[in-house]
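Chain by chain, the residues:
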Amino acid sequence: MNAEHDGESTSGPAAGAASASEEGPSLAVHHAPAPVRVSRRPWMWTGLIALALVAALGAVIVVNQAREPFQFESALMSAIVAIRTPGVTAVAAAFDFLGSGRVSSFVVPAVVVIGLLLWRRPWAAGFFVAAVAASGLVTQLVKVTVGRVRPEDILVHPDFGSFPSGHASNAAVIAMALGLIFLRTWVWIAGGVYTLLMMASRMYLGAHWVSDVVGGVLVGAGAALIVWAGFSERLYRENRLPHPPIWQKVERTRGG
């Protein structure tokens, strides 16, 4: 995501991270910098390629596999079932609840959006909502289209369609969206760990095959990148501003 401003260029996602630290300790709110150009095309194409891979994998599952799992997936599921323990099952069940429809589609987004608005990030809030909605829509569309059967040794009661995993796609879109908003290494790491644990928990519970969770991650990450392209310049400008909470009174100064 390259950004150019007054003849200077910054490359990578960190382009938007010229944050309030440059503004010093003052809480004065300055005008946003002059309009910038953010290089969106590579990242948008990455998102489109991710969704294209999901479409290709779904086609293989329907046409070549007759909606059944690949042989290696059946073998892996048998191995997972053989090592289940009560403690790990309880942890996986907690992830199942955290990624469930109401929690992941309404509660978590609401908490994130409220937090972003309280810390003066309205464009980030809009981007987050749009990314989560886009990921959910694509996930449900592919689920209905592919109609893949779920594993038989399942410990939960999910909705229809195994491919792609809705829990995995939601975890990936949240991780990717927050990473693109805050542009901090620890956010990317935390999001990656959360996504991997969600993927593992879905397979452990017998809710999904390996290709289901991989497809879910591709949907979530791809949707976030594509939606980001439409918000990129606004997010870049918003990131350049200080973000004191709304209950702190700030001075508005003229100039930049």
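See the structure shown above.
In short, a report on the structure. Remember, it's a predicted structure, so these values are computed and weren't measured experimentally. (Residues numbered from 1 in each chain as written. Predicted model: local features only at pLDDT ≥ 70, side-chain atom pairs only at ≥ 80, totals over all residues. Heavy atoms only, no water.)

## Focus on the side chain of Ser162
By the secondary structure assignment, Ser162 is in the loop between helix H5 (122-146) and helix H6 (166-182). Since its relative accessible area comes to 0%, Ser162 is described here as buried. Reaching out from Ser162, the side chain makes a polar contact with the side chain of Asp212 at a distance of 2.3 Å. When residues no more than four places from it in sequence are discounted, the contact partners of Ser162 are Lys143, Arg148, Val149, Arg150, Pro151, Ala207, His208, Trp209 and Asp212. (Helix = DSSP H or I, 4+ residues; strand = E, 2+ residues; numbered from the N terminus. Buried < 20%, exposed > 50% of the residue type's maximum accessible area, 1.4 Å probe, protein only. Polar contact = N/O pair within 3.5 Å; in protein donor to acceptor, adjacent residues only side chain to side chain. Contact = heavy atoms within 4.5 Å.)

## A closer look at a nonpolar patch on the surface
A cluster of nonpolar side chains, contributed by Met44, Trp45, Leu48, Ile49 and Leu53, occupies part of the molecular surface with about 480 Å² of accessible area. Its place among the elements puts Leu48 in helix H1 (residues 41-63). With a relative accessible area of 37%, Leu48 lands in the partly exposed category. (Patch = residues over 30% accessible without salt bridge, like charges linked within 9 Å, V, L, I, M, F, W, Y side chains within 5 Å. Areas by Shrake-Rupley, 256 points an atom, 1.4 Å probe, with all protein chains shown as cover. Salt bridge = Lys/Arg side-chain N within 4 Å of Asp/Glu carboxyl O.)

## Thoughts on H5
Taking 1.5 Å of rise per residue, 25 residues should cover 36 Å, and H5 covers 36 Å from first to last C-alpha, within 8% of that figure. Ala124, Ala125, Phe127, Phe128, Ala131, Val132, Ser135, Thr139, Val142, Lys143 and Val146 are the residues of H5 that are buried. In this structure, the buried side of H5 is in contact with H1, helix H4 (101-118), H6 and helix H8 (210-239). Gly147, located one to two residues past H5, shows a positive phi value of around 60 degrees. (Expected span 1.5 Å × (residues − 1).)

## Focus: the side chain of Arg121
Here Arg121 shows up in the loop between H4 and H5. Glu238 is the oppositely charged side chain nearest to the buried, salt-bridge-free Arg121, at an N-O distance of 5.0 Å. Side chain to side chain, Arg121 and Asn239 meet in a polar contact 2.7 Å long. Once residues lying within four places of it in the same chain are set aside, the contact partners of Arg121 are Leu116, Ile181, Phe182, Glu238, Asn239 and His243. (Lys, Arg positive; Asp, Glu negative; His and termini not counted.)

## Some details on unusual backbone geometry
Looking along the chain, the bond that leaves Phe163 and enters Pro164 is cis, with omega of -10 degrees. Phi is positive for Ala66, close to 55 degrees, though the residue is something other than glycine. Counting through the fold element by element, Ala66 comes out in the loop between H1 and helix H2 (71-82). On the basis of relative accessible area, Ala66 is assigned to the exposed category, the value being 53%.

## Remarks on the packing of aromatic side chains
One pass over the full model with this rule turns up 5 aromatic pairs. When the ring of Phe70 is compared with that of Phe72, the centres are 6.0 Å apart and the planes differ by 20 degrees; the resulting orientation is stacked. Ring centres of Trp123 and Phe231 lie 6.2 Å apart, and the angle between their planes is 70 degrees; on these two criteria the pair is classed as edge-to-face. A residue pair is termed long-range when its members are at least 10 positions apart, and Trp123 in helix H5 and Phe231 in helix H8 qualify at 108 residues. Of the residues examined, Trp123 reaches a relative accessible area of 39% and is grouped as partly exposed. Given the relative accessible area of 18%, Phe231 is considered buried. An aromatic cluster of three or more residues is present, and its members are Trp123, Phe127 and Phe231. Sitting over the ring of Tyr204, Arg84 keeps its end group 5.9 Å from the ring centre. (Phe/Tyr/Trp six-rings, centres within 6.5 Å; stacked < 30°, edge-to-face > 60°. Lys NZ or Arg CZ within 6 Å of the ring centre and 35° of its normal.)

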